[in-house]
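# Structural overview for review
If you want the building blocks of each chain, they are given just below.
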Amino acid sequence: MEIRIAPLPEERKKPKFTDESQLSFGKLFTDRMLVAEWKAGQGWVDARIEPYAPFVFDPACAVFHYAQEIFEGLKAYKWADGTIALFRPEMNARRFNHSAERICMPEVPEELFLGGIEKLVSLERDWIPASEGTSLYIRPTMIAVEPVLGVKPADHYYFYVILSPVGAYYAAGFNPIKIMVEDHYVRSVPGGTGEAKTGGNYASSLKAGLEAKKKGYDQVLWLDGIQRRYIEEVGAMNMLFAYGKTIVTSPLTGTILNGVTRDSVLKLAASLGYAIEERLIDVNELLADIRAGKVTEAFGSGTAAVVSPVGTFAYKGETYTVGDGGVGPITRQLYDTLTGIQTGRVADSFGWVRKI
Ligand code: COI
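In this text, all values refer to a predicted model and were calculated from it rather than measured experimentally.

### Concerning the overall build of the protein
Broken down by element type, the protein carries eight helices and 17 strands. Computed over its C-alpha atoms, the radius of gyration of the protein comes to 21 Å, within 12% of the 21 Å expected for a compact globule of 356 residues. Each principal axis of the C-alpha distribution contributes one length, and for the protein these read about 60 × 50 × 35 Å. Out of the 356 residues in the protein, the part that is buried amounts to 43%.

The structure is reproduced here in structure tokens:
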């Protein structure tokens with residue numbers, strides 16, 4: 001599919017960051033964006049890269065009323081030798097279409113998803129930061145723009161991709177965060193949309209997140225929506241626990257996100273000699289194991305969060321500190337190896353890196 005490139009007039013160019021160490025997450029956007037439209041009876045049309053600008057949409061658009069929306073998150077890295085690399089973008093393309101299917105949206109051809117991202121990132125390469133812990137975050141999104149108030153799949157969609165130079169997701173950087181296990185609200189139930197990357201999942205998590213923040217916690221850890229007993233995910237991350245040399249994580253039961261970083265960390269950990277267990281994790285057992293010192297490390301995984309150490313959990317008024325509350329050696333090793341592969345410092349024996 002041909003992607004038209006519109007000119008970027010000099011006056012539309014934005015001031016670039018001057019200090020990479022000051023980059024936070026997702027507040028700054030580059031000069032251009034990719035846009036393509038899907039229309040019933042026509043399919044994908046008018047793919048273009050144009051100056052980044054606000055959209056003007058009819059207030060009746062389906063996305064504004066019934067949240068027919070999906071998105072993805074992946075990153076581009078600038079290596080010391082100037083190479084630009086994406087990390088496993090094919091997995092994001094597949095997951096995007098899996099989400100699209102669940103929310104009754106059209107499939108985005110891989111050629112448009114991957115080819116469009118490569119073209120856009122390549123044009124915006126000067127926006128990719130290069131220092132430790134930074135990257136260019138890529139946000140593919142699809143929204144329903146048919147102006148109609150009837151509840152039905154729309155007949156018109158926008159697929160667009162915006163780019164944001166980023167630093168660490170958490171203000172704490174690579175330091176242990178505090179997590180509250182949610183015992184009232186639920187994120188997802190079997191048969192629901194928990195496995196899809198759709199905005200509604202995040203909107204419905206805000207109240208619990210806000211309440212946790214007021215109590216001094218960074219994130220909420222969701223339990224399963226039926227028994228409220230098994231560990232699910234954090235929303236911005238999947239969760240992993242080290243029991244000595246064994247790494248335990250929740251299985252992909254359809255209610256949690258199939259994380260690209262989760263999959264990468266599990267494969268990496270197995271290659272480094274750790275045993276992997278994907279199994280249901282009973283919250284009471286887990287917390288007792290933390291208290292007993294059997295859980296030696298806890299960390300989250302996500303594109304934005306990378307590998308993030310967790311120092312403390314709170315549940316029903318009690319707190320549980322993992323190990324000494326600091327960053328454990330396995331968490332550090334996995335973070336260093338994963339980011340090493342992403343940034344070209346460690347050889348990629350998995351074939352994950354896609355150079356542009
Ligand atoms: C990502 O890690 O890319 C995500 O989409 C999570 C989001 C909450 C920042």
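### Remarks on helix H6 (residues 260-271)
In this model, H6 (12 residues) spans 17 Å end to end at C-alpha, consistent with the 16 Å of a helix rising 1.5 Å per residue. Within the sequence span of H6, burial applies to Val260, Thr261, Arg262, Ser264, Val265, Leu266, Leu268 and Ala269. Once H6 finishes, Gly273 follows within two positions and takes phi at roughly 100°, a positive value.

### Things to note about helix H7 (residues 283-291)
Inspection of H7 places Val283, Leu286 and Ile290 among the buried residues, and these make up the whole buried set. Mapping the buried residues of H7 onto a view down its axis gives an arc of 65°, with all of them on the same face. Where H7 is buried, its residues touch strand S9 (177-181), strand S11 (238-243), strand S15 (306-315) and strand S16 (318-321). A positive backbone phi angle near 80° is found at Gly293, which sits one or two residues after H7.

### Details of the site of the ligand
Near the ligand you find Gly73, Ala236, Gly302, Thr303 and Ala304, and these make up its full shell. Looking at side-chain class alone, the shell around the ligand contains two nonpolar, three polar and no charged residues.

### A look at the pairing of strand S5 (residues 74-78)
With respect to burial, S5 is a largely interior element, five of its five residues being buried. A two-sided burial pattern is seen for S5, the buried positions comprising Leu74, Ala76 and Lys78 on one face and Lys75 and Tyr77 on the other. As paired strands, S5 and strand S7 (residues 135-144) are joined by three bridges and run antiparallel to one another. Bridge assignment links Ala76 to a residue of S7, and that residue is Leu136. As paired elements, S5 and strand S6 (residues 84-87) share three bridges and run antiparallel to each other. Bridging across to S6, Ala76 finds its partner in Leu86. In this antiparallel pair of consecutive strands, S5 and S6, the connection spans five residues, and Gly82 shows a positive phi of 95°.

### Observations concerning the packing of helix H2 (residues 89-102) against helix H3 (residues 110-123)
Helix packing geometry: the angle between the two helix axes and the distance between the axes. Two elements in contact, H2 and H3, have axes separated by 10 Å at closest approach and are oriented at 135°. Considering their axes alone, H2 and H3 lie oblique with respect to each other. Two packed elements cross with a definite hand, and for H2 against H3 that hand is right-handed. Contacts between H2 and H3 pair Pro89, Glu90, Ala93 and Phe96 from the former with Glu110, Phe113, Leu114 and Ile117 from the latter. Looking at side-chain class alone, the contact of H2 with H3 contains six nonpolar, no polar and two charged residues.

### Regarding the domain arrangement of the protein
Its domain assignment divides the protein into domain 1 (4-166) and domain 2 (177-343). Computed from C-alpha coordinates alone, the two centres of domain 1 and domain 2 are separated by 27 Å. If you look at the interface, domain 1 gives 20 residues, while domain 2 gives 13 residues. Broken down by element, the residue count for the side of domain 1 that touches domain 2 peaks at five residues, all from H2. Along the lines of polarity and charge, the residues of the side of domain 1 that touches domain 2 split into 11 nonpolar, three polar and six charged.

### Things to note about the UniProt feature "modified residue: N6-(pyridoxal phosphate)lysine" (unreviewed entry) in the protein
Using the residue numbers shown here, the UniProt feature "modified residue: N6-(pyridoxal phosphate)lysine" (unreviewed entry) corresponds to Lys197. With respect to the secondary-structure elements, Lys197 resides in the loop between S9 and helix H4 (199-203).

### What to know about the nonpolar core
If you look at the biggest cluster of nonpolar residues, it comprises 93 residues, and the most contacted ones within it are Ile138, Tyr157 and Leu221. Non-local contacts of Tyr157, meaning those with residues more than four positions away in its chain, are made with Glu37, Trp38, Met105, Pro106, Met142, Ile143, Ala144 and Val145.

### Brief notes about the packing of H6 against helix H8 (residues 329-342)
Where H6 contacts H8, the two axes come as close as 10 Å, and the packing angle between them is 110°. What the angle tells us is that H6 and H8 run roughly perpendicular. Only Leu334, Thr337 and Leu338 of H8 make contact with H6, whose side of the interface consists of Ser264, Val265, Leu268 and Ala269.

Calculation criteria
Residues numbered from 1 in each chain as written. Predicted model: local features only at pLDDT ≥ 70, side-chain atom pairs only at ≥ 80, totals over all residues. Helix = DSSP H or I, 4+ residues; strand = E, 2+ residues; numbered from the N terminus. Rg over C-alpha atoms; globule rule 2.2 N^0.38 Å. Buried ≥ 20, exposed ≤ 12 C-beta atoms within 10 Å, placed from the backbone. Expected span 1.5 Å × (residues − 1). Arc of directions from axis to C-beta. Contact = placed C-beta atoms within 7 Å. Near = placed C-beta within 6 Å. Nonpolar A, V, L, I, M, F, W, Y, C, P; charged D, E, K, R; others polar. Pairing = 2+ DSSP bridges. Axes fitted to C-alpha atoms, helices over the stretch in contact; angles between N-to-C directions. Parallel < 35°, antiparallel > 145°, perpendicular 65-115°, else oblique. Left-handed = near helix turned anticlockwise from the far one by under 90°. Domains from an automatic or database assignment. UniProt positions renumbered as here; feature names shortened; annotations may be inferred. Core = buried A, V, L, I, M, F, W, Y, C linked by C-beta atoms within 7 Å.

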